[in-house]
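Summary of the model geometry
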Amino acid sequence: MKIWLIGAGIMAQDYAKVLLSLGTSFKVIGRRESSAKNFTENLGKAVQIGGVKNALTTLKAPDVAIIAVGVADLAETAITLINAGTKRILVEKPGGIDLKEIDYLNRIAIDHKVSVYLGYNRRFYASSIKARELILEDGGLTSARFEFTEWSHIIGALDTDSNIKNRWVLANSSHVMDLAFHFSGLPIKYKSVYSGSLNWHLSAARFCGSGITKNNIIFSYFADWESAGRWSLELFTRARRIILSPMEKIQIMKVGSIKIETINLNDSLDIEFKPGLYKQTKAFLSDENSNLCTLENHVEAARVYNKIAGYK
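Per chain, residue numbering runs from 1 following the sequence as it is written. pLDDT decides what is reported in this predicted model: residues at 70 or higher carry local features, side-chain atom pairs at 80 or more are listed and counted, and totals for whole chains, interfaces and linings draw on all residues regardless. The basis for every side-chain value is the complete set of heavy atoms in the structure, and neither hydrogens nor water enter the calculation.

1. Focus: the nonpolar core
Counted only if it meets this: The set of buried Ala, Val, Leu, Ile, Met, Phe, Trp, Tyr and Cys residues whose side-chain atoms join them within 4.5 Å is what this entry labels a nonpolar core. Buried, partly exposed and exposed residues are distinguished by accessible area as a fraction of the type maximum, computed with a 1.4 Å probe on protein chains only: under 20%, between the cut-offs, and over 50%, respectively. Helix and strand assignments come from DSSP, with helices taken as H or I runs of at least 4 residues and strands as E runs of at least 2, each series counted from the N terminus. Whether two residues are in contact is decided by their heavy atoms, any of which lying within 4.5 Å being enough.
Of all hydrophobic cores here, the largest spans 76 residues; its most connected members are Phe-146 and Phe-148. Ranked by residue count, the leading element in this core is helix α9 (residues 168–184), at 10 residues. The residues contacting Phe-148, other than those within four sequence positions of it, are Val-169, Ser-173, Val-176, Met-177, Phe-207, Tyr-221, Phe-222, Ala-223, Trp-225, Trp-231 and Ile-308. In terms of nonpolar packing, the next biggest core, distinct from the first, is built from 27 residues, Ile-3, Ala-16, Tyr-278 and Leu-292 among them.

2. Examining unusual backbone geometry
Here the residue pair Lys-93 and Pro-94 is connected by a cis peptide bond, since its omega of 0° sits within 30 degrees of zero. Relative to the helices and strands, Pro-94 resides in the loop between β5 (88–92) and α5 (99–111). Of note, the phi angle at Asn-216 is positive, near 65°, even though the residue is not glycine. Considering the arrangement of structural elements, one finds Asn-216 in the loop between β9 (206–213) and β10 (218–224). Positive phi, close to 60°, is recorded for Asp-287, a residue that is not glycine. Tracing the sequence through the fold places Asp-287 in the loop between α11 (277–285) and β15 (293–294).

3. Section: the packing of aromatic side chains
The condition that has to hold: Stacked, tilted and edge-to-face are the three classes assigned to paired rings of Phe, Tyr and Trp, where Trp is represented by its six-membered ring and a pair needs centres within 6.5 Å; plane angles under 30 degrees give stacked, over 60 edge-to-face, the rest tilted. Here, a charge over a ring means that NZ of Lys or CZ of Arg falls within 6 Å of the ring centre while also lying within 35 degrees of the ring normal.
Overall, the coordinates contain 12 aromatic pairs when judged by the stated rule. Taken together, a centroid distance of 5.4 Å and an interplanar angle of 85° make the contact between Phe-181 and Phe-219 edge-to-face. With Phe-181 in helix α9 and Phe-219 in strand β10, this residue pair connects regions lying 38 residues apart in the sequence. Here Phe-181 matches Phe-219 in class, with each residue buried. A connected cluster of aromatic rings, assembled from ring pairs, spans Phe-146, Phe-148, Trp-168, Phe-181, Trp-200, Phe-207, Phe-219, Tyr-221 and Trp-225. For Lys-45, the ring lying beneath its charged end belongs to Phe-26, and the centroid distance is 4.3 Å. Lying across the ring of Tyr-311, Arg-167 places its NZ or CZ 4.4 Å from the centre.

4. Describing helix α1 (residues 10–21)
Quick reminder of the rule: By this rule the span expected of a helix is its residue count minus one, scaled by 1.5 Å.
Helix length check: α1, at 12 residues, gives a terminal C-alpha distance of 17 Å against a target of 16 Å (1.5 Å per residue), a fit within 8%. Residues Met-11, Ala-12, Gln-13, Asp-14, Tyr-15, Ala-16, Val-18 and Leu-19 constitute the buried set of α1. At its buried positions, α1 is contacted by β1 (3–6), α2 (33–43), β4 (64–67), β5, β6 (115–119) and α11. Positive backbone phi, approximately 75°, marks Gly-23, located one or two places after α1.

5. Here we look at the sheet that holds β1
What links the strands of a sheet is backbone hydrogen bonding, and the strands pair in either a parallel or an antiparallel sense. Put simply, the rule reads: By this definition, two strands are paired if DSSP reports at least two bridges between them.
An order of β3-β2-β1-β4-β5-β6-β15 is seen for the seven strands of this open sheet, with the pairing classed as mixed. The outermost strands of the open sheet, each flanked by one partner alone, are β3 (47–48) and β15.

6. Considerations on the packing of α5 against helix α12 (residues 295–309)
Note the threshold: An axis is simply a line fitted to the C-alpha atoms; with a helix, the fit covers only the stretch in contact. Between two such axes, the angle follows the N-to-C directions and lies from 0 to 180 degrees. An angle below 35 degrees is treated as roughly parallel, one above 145 as roughly antiparallel, one from 65 to 115 as roughly perpendicular, and anything else as oblique. Crossings are sorted by hand: turned counterclockwise from the far helix by less than a right angle, the near helix makes the crossing left-handed, and turned clockwise it makes it right-handed.
Taken N-terminus to C-terminus, the directions of α5 and α12 make an angle of 165°; their axes are 10 Å apart at the nearest point. It follows that α5 is roughly antiparallel to α12 by the angle criterion. For the pair α5 and α12, the crossing hand works out as left-handed. Contact with α5, carried on its side by Leu-99, Ile-102, Asp-103, Leu-105, Asn-106, Ala-109 and Ile-110, involves Leu-295, Glu-296, His-298, Val-299, Ala-302, Arg-303 and Asn-306 of α12 and no other residues of that element.

7. Some details on the side chain of Ser-232
By the secondary structure assignment, Ser-232 is in strand β11 (residues 231–236). Judged by its relative accessible area of 13%, Ser-232 is buried. Not counting residues up to four positions away in its chain, the partners in contact with Ser-232 are Arg-145, Phe-146, Glu-147, Val-176, Leu-244 and Ser-245.

8. A few points about a nonpolar patch on the surface
Which entries qualify depends on this criterion: Patch membership requires over 30% relative accessible area and the absence of a salt bridge. Like charges are linked within 9 Å, and nonpolar side chains (Val, Leu, Ile, Met, Phe, Trp, Tyr) within 5 Å. Surface accessibility in these figures is a Shrake-Rupley result with a 1.4 Å probe; residues are shielded only by whichever protein chains are displayed. Any carboxyl oxygen of Asp or Glu within 4 Å of a side-chain nitrogen of Lys or Arg constitutes a salt bridge here.
Side chains of Trp-151, Ile-154 and Leu-158 sit close together on the surface and give an oily, nonpolar patch of about 280 Å² of accessible area. Secondary-structure assignment places Leu-158 in the loop between α7 (152–155) and α8 (162–165).

9. Considering the sheet that holds strand β14 (residues 260–262)
Across the sheet, which stays open at both edges, the eight strands sit in the order β8-β9-β10-β7-β11-β12-β13-β14 with mixed pairing between neighbours. If you trace the sheet from one side to the other, it starts and ends with β8 (187–195) and β14, each paired once. Each neighbouring strand pair of the sheet contributes to a mean axis angle of 15°, computed without reference to strand direction. Pairing of strand β13 (residues 251–254) with β14 involves three bridges; the strand directions are antiparallel.

Here's what the structure looks like:
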C-alpha cells in the first residue's frame, strides 16, 4: 500500500510523527522549500517539493493519502488525488473552505467510489473513548449540551485568510459540534438563534439553540465570542453527567450527588502525540472506520453548522 502525506507544515509534521512511530512507509509531498526544510530538520524525513500536481506528472497516485495542507487547499488537493486514482483519503477538517466546496468534493468522491474521511481527532481522545465506554455502560445517552465560545481577541489578530475566519464555526468550532453529534447523532429538528457581529466574523458573535437528534437525544448549545468562555461538552445518561472541559479530560457527576469526580485516563498517546491523532491515524490505516467521520456525514453536519452560525 503506497501512502502519501500531503503537506509539510505543523499539522503534517504531527501526522508524520505518528506514521514514523507506527513504522509506516510513506512519502511526503510538500509545496514550499522553506516548510520542507523545516520538516526534514525536525523529523529527518525528506520532502518532495512542488506540490501534488507536480508530483503526479512523474509518479503514480498513491493508494492512500493523508492531506494536511491549509484549509483553502484541502478540497482541491483531495479532488486532484481522486481524479488521479487514489481510493482512500483522510483529509484535515473541515475539508473545504465552505459548504459548497465540501459538497462538491463529496460528489466527486461518490462518482469515483473513493472513501474520504475527515480528521476530527477529538473523537479519538482518551477522554472521548472513556466517555463512549461510560455511555454504553449506562445504557445510552439521554441528552447533551455544548459550548463553542472562541477567543475573539486572539482569532481576530491571526494572520489567516479572511474568508476562512469568516467561516470560523465551520473551520474551527466544528471540532466541538462534530464530537457532540458523534455521540448524539445529527439534529433532525432544532432552532438556532444568533446575534451580533465581529469585524472578522460577520454573520454573528453570539449563538444559542436547541433541538432533538435522529437518535432522539435532546441537545442545547451556547457560545458568546465577545465574552469569556471555553469549549466544553456535557453528556447526560440516566446514571451520571459526563463532563469534557477541557475536552482532553473527563469528569463525572453521579445521579444523587453534586460531587464532581475526575477520572484518570490512560492518555499517554495523547501526551506523546497531538491528542487523538495516533489512534485516529491508526484507525484510518487499518480500515477501522466506525469512529471516523465520513465525508458524506460531514456534508450533512456542515449544513447544521451553517444554520448554527447564520451563514447564508
